[in-house]
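So you can see what is in the structure, the chains are spelled out below.
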Amino acid sequence: MSFEYSEGKKKVQKHAGVEYEAQRLTGMVKNYVASHGQQFIQNQTFLIISSVDENGALWTSIIKGNQKGFVHFLSPEKVEIDIKHIDFNPNDILYKNIVKNENIGILFIEFANRRRFRINGKAQFSKNKIQIEIQQAFPNCPKYIQARDFLSVEREREQYRTLQN
């Protein structure tokens, strides 16, 4: 796969004086995730996912898994999120957005080791799964990630439902 920046991104890079650095990094962008990236992603316990609503507004959701492996790969080009193994909020606009606009971005972060991986793709939502056809996949620089531990706060399911109603 050959990755190319849009004309708008090229203009911004030129204005910022980072054309050379940006072009040098295009080789990192693939339309699949290699095995070491798959292993990293499948070991994560949460992800950040962005979607676009019918008016073009960007929305971001945090998805927390109940176990490692709630994200798994069907192939290097296709990843799946198992909704049965996440703290599922059926009112999250993410699910409505995917039906209207399949373009999404996902960020997997491991704060303790300052690692992150990005996937952009097309999502399909059905029953208990979100399947993503990968269009762009790449590791991100750890420069601005502060090392820290991620703490999970357990809450009663009934309390969660009450907050949503």
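Calculation notes
Residues numbered from 1 in each chain as written. Predicted model: local features only at pLDDT ≥ 70, side-chain atom pairs only at ≥ 80, totals over all residues. Heavy atoms only, no water. Core = buried A, V, L, I, M, F, W, Y, C linked by side-chain atoms within 4.5 Å. Buried < 20%, exposed > 50% of the residue type's maximum accessible area, 1.4 Å probe, protein only. Helix = DSSP H or I, 4+ residues; strand = E, 2+ residues; numbered from the N terminus. Contact = heavy atoms within 4.5 Å. Arc of directions from axis to C-beta. Salt bridge = Lys/Arg side-chain N within 4 Å of Asp/Glu carboxyl O. pLDDT = per-residue confidence, 0-100.

Participant: Looking at this structure, I do not really get the nonpolar core. What am I missing?
Facilitator: Note on soluble globular proteins: their nonpolar side chains tend to be buried together. Ranked by size, the top nonpolar core spans 26 residues in total, and within it Ile41, Leu47, Ile81, Ile119, Ile130 and Ile132 carry the most contacts. Breaking this core down by element, the ones donating at least two residues are helix 3 (35-42), strand 1 (46-52), strand 3 (71-75), strand 4 (78-82), helix 4 (93-100), strand 5 (103-110), strand 6 (115-126) and strand 7 (129-140). The dominant element in this core, judged by the number of residues it contributes, is strand 7, at four residues. Setting aside its immediate chain neighbours within four residues, Ile41 contacts Val33, Val71, Phe73, Phe108, Phe117 and Ile119.

Participant: Got a minute to help me understand helix 3 in this structure?
Facilitator: For an α-helix, the turn length of 3.6 residues means that residues three or four places apart are oriented alike. Residues of helix 3 that are buried: Gly37, Gln38, Phe40 and Ile41. Relative to the axis of helix 3, the buried residues are bounded by an arc of 160° and lie together on one face. Looking at helix 3, the residues exposed on the side facing more than 90 degrees away from the buried face are Ser35, His36 and Gln39. Those residues of helix 3 that are buried are in contact with strand 3, strand 5 and strand 6.

Participant: Is there a simple way to think about the environment of Lys78 in this case?
Facilitator: You can see Lys78 is positioned in strand 4. According to the relative accessible area criterion, Lys78 is partly exposed, its value standing at 30%. Put simply, Lys78 and Asn31 are 47 residues apart on the chain and 9.4 Å apart in space, counted from C-alpha to C-alpha.

Participant: Teacher, can you tell me more about the pattern of salt bridges here?
Facilitator: Between side chains of opposite charge, pairing is possible as soon as their charged atoms come close. By the definition in use, this model includes five salt bridges. Here Asp87 ties to Lys64 by a salt bridge, and the two come within 3.9 Å at their closest N and O atoms. With Asp87 in the loop between strand 4 and helix 4 and Lys64 in strand 2 (residues 58-64), this pair connects stretches of sequence that are 23 residues apart. Judged by its relative accessible area of 30%, Asp87 falls in the partly exposed class. Among the ionic pairs, Glu80 bridges to Lys129, the shortest N-O distance being 4.0 Å. You can see Glu80 sitting in strand 4 and its partner Lys129 sitting in strand 7, a full 49 residues away along the chain.

Participant: Quick question: what am I supposed to make of the confidence of the model for the protein here?
Facilitator: Note: predicted coordinates in regions of low pLDDT should not be interpreted at a detailed level. Here the protein averages 81 in pLDDT, and 78% of its residues register 70 or above. Across the protein, element-level confidence peaks in strand 3 with a mean pLDDT of 95 and bottoms out in helix 5 (residues 157-164) with 47. In the model, residues 159-165 has pLDDT below 50 throughout and makes five contacts with residues more than four positions away in sequence or in other chains.

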